[in-house]
Amino acid sequence: SMLLAGGICLCGIKKMCKKKKNALLLTIRAAAMITAVEFIFGLIFNRDKRVWDYSEMRGNVMGQICPLYCGLWVLLSLPFVIYYKWKMQKKRSIHR
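Rules of the game
Residues numbered from 1 in each chain as written. Predicted model: local features only at pLDDT ≥ 70, side-chain atom pairs only at ≥ 80, totals over all residues. Heavy atoms only, no water. pLDDT = per-residue confidence, 0-100. Helix = DSSP H or I, 4+ residues; strand = E, 2+ residues; numbered from the N terminus. Buried < 20%, exposed > 50% of the residue type's maximum accessible area, 1.4 Å probe, protein only. Expected span 1.5 Å × (residues − 1). Arc of directions from axis to C-beta. Contact = heavy atoms within 4.5 Å. Phe/Tyr/Trp six-rings, centres within 6.5 Å; stacked < 30°, edge-to-face > 60°. Axes fitted to C-alpha atoms, helices over the stretch in contact; angles between N-to-C directions. Parallel < 35°, antiparallel > 145°, perpendicular 65-115°, else oblique. Left-handed = near helix turned anticlockwise from the far one by under 90°. Nonpolar A, V, L, I, M, F, W, Y, C, P; charged D, E, K, R; others polar.

When pLDDT is averaged along the protein chain, the result is 90, and 98% of the positions lie at 70 or above. When mean pLDDT is taken per element in the protein chain, helix α2 (residues 23–46) scores highest with 94 and helix α3 (residues 67–94) scores lowest with 90.

Here it is, written out as structure tokens:
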């Protein structure tokens with residue numbers, strides 16, 4: 001399930017980066033998307049198995065997501081956003 005969630009997130013980040021947007025804004029949007037995917041997958045796949053459990057973390061939502069990890073998703077999203085923005089820019093310059 002996490003492989004599927006990761007694939008969805010990477011495809012989403014790549015799609016977001018196709019539009020000309022600020023890298024910081026894209027990074028925040030990517031982190032929000034990852035958090036949403038984590039929450040949905042948590043509700044579907046993690047309720048009984050408890051692969052992750054944020055219920056002890058401050059500000060958690062149903063033990064599936066929490067602000068600390070949302071912040072970490074921002075940090076982890078940044079390299080992917082930078083890479084995809086660079087790749088899209090390079091692709092545009094080749095087609096000119």
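After that view of the structure, there is still more to cover.
Looking now at the environment of Ala36. Counting through the fold element by element, Ala36 comes out in helix α2. On the basis of relative accessibility, which here comes to 38%, the residue Ala36 falls in the partly exposed class. Placed 36 residues apart in sequence, Ala36 and Leu72 show a C-alpha to C-alpha distance of 14 Å.

Quick look at helix α1 (residues 2–17) now. Under the 1.5 Å per step criterion, the end-to-end length of α1 is 22 Å for 16 residues, consistent within 8% with the ideal 22 Å. Every buried residue belonging to α1 is among Ala5, Cys9, Gly12, Ile13, Met16 and Cys17, and all of these are buried. All buried residues of α1 lie within an arc of 130° about the axis, which places them on one face of the element. Projecting away from the buried face of α1 at angles above 90 degrees are the exposed residues Leu3, Leu4, Cys11 and Lys15. Where the residues of α1 are buried, they touch α2 and α3.

Applying the stated criterion across every chain, the model contains four aromatic pairs. Measuring from ring centre to ring centre gives 5.3 Å for Phe41 and Phe45, while their planes differ by 40°; the resulting arrangement is tilted. Residue Phe41 and its partner Phe45 are both found in helix α2; the two are separated by four residues, about one turn of the helix. Here the aromatic cluster, defined as three or more aromatic residues joined through ring pairs, consists of Tyr83, Tyr84 and Trp86.

Moving on to the environment of Arg29. Relative to the elements of secondary structure, Arg29 occurs in helix α2. Those residues in contact with Arg29 that lie beyond four places of it in its chain are Met16 and Lys21.

Here we come to the packing of α2 against α3. One can describe the packing of α2 onto α3 by two numbers: an axis separation of 8 Å at closest approach and a directional angle of 125°. Comparing the axis directions of α2 and α3 gives the class oblique. Read as a crossing pair, α2 and α3 show a hand that is right-handed. From α2, Ala23, Leu26, Thr27, Ala30, Ala31, Ile34, Thr35 and Glu38 reach across to α3, where they touch Cys70, Trp73, Val74, Ser77, Leu78, Val81 and Lys85. Partitioned by chemical class, the residues of the contact of α2 with α3 number 10 nonpolar, three polar and two charged.

In this section: the packing of α1 against α3. Packed helices, taken two at a time, are described by the angle their axes make and the gap between the axes. The contact between α1 and α3 brings their axes to 9 Å, and the two run at 45°. When the axes of α1 and α3 are compared, the pair comes out oblique. Judged by the sense of rotation from one axis to the other, the crossing of α1 with α3 is right-handed. On α3, the residues that touch Leu10, Ile13, Lys14 and Cys17 of α1 are Phe80, Val81, Tyr84, Lys85, Met88 and Arg92. Looking at the contact of α1 with α3 residue by residue, the classes come out as seven nonpolar, no polar and three charged.

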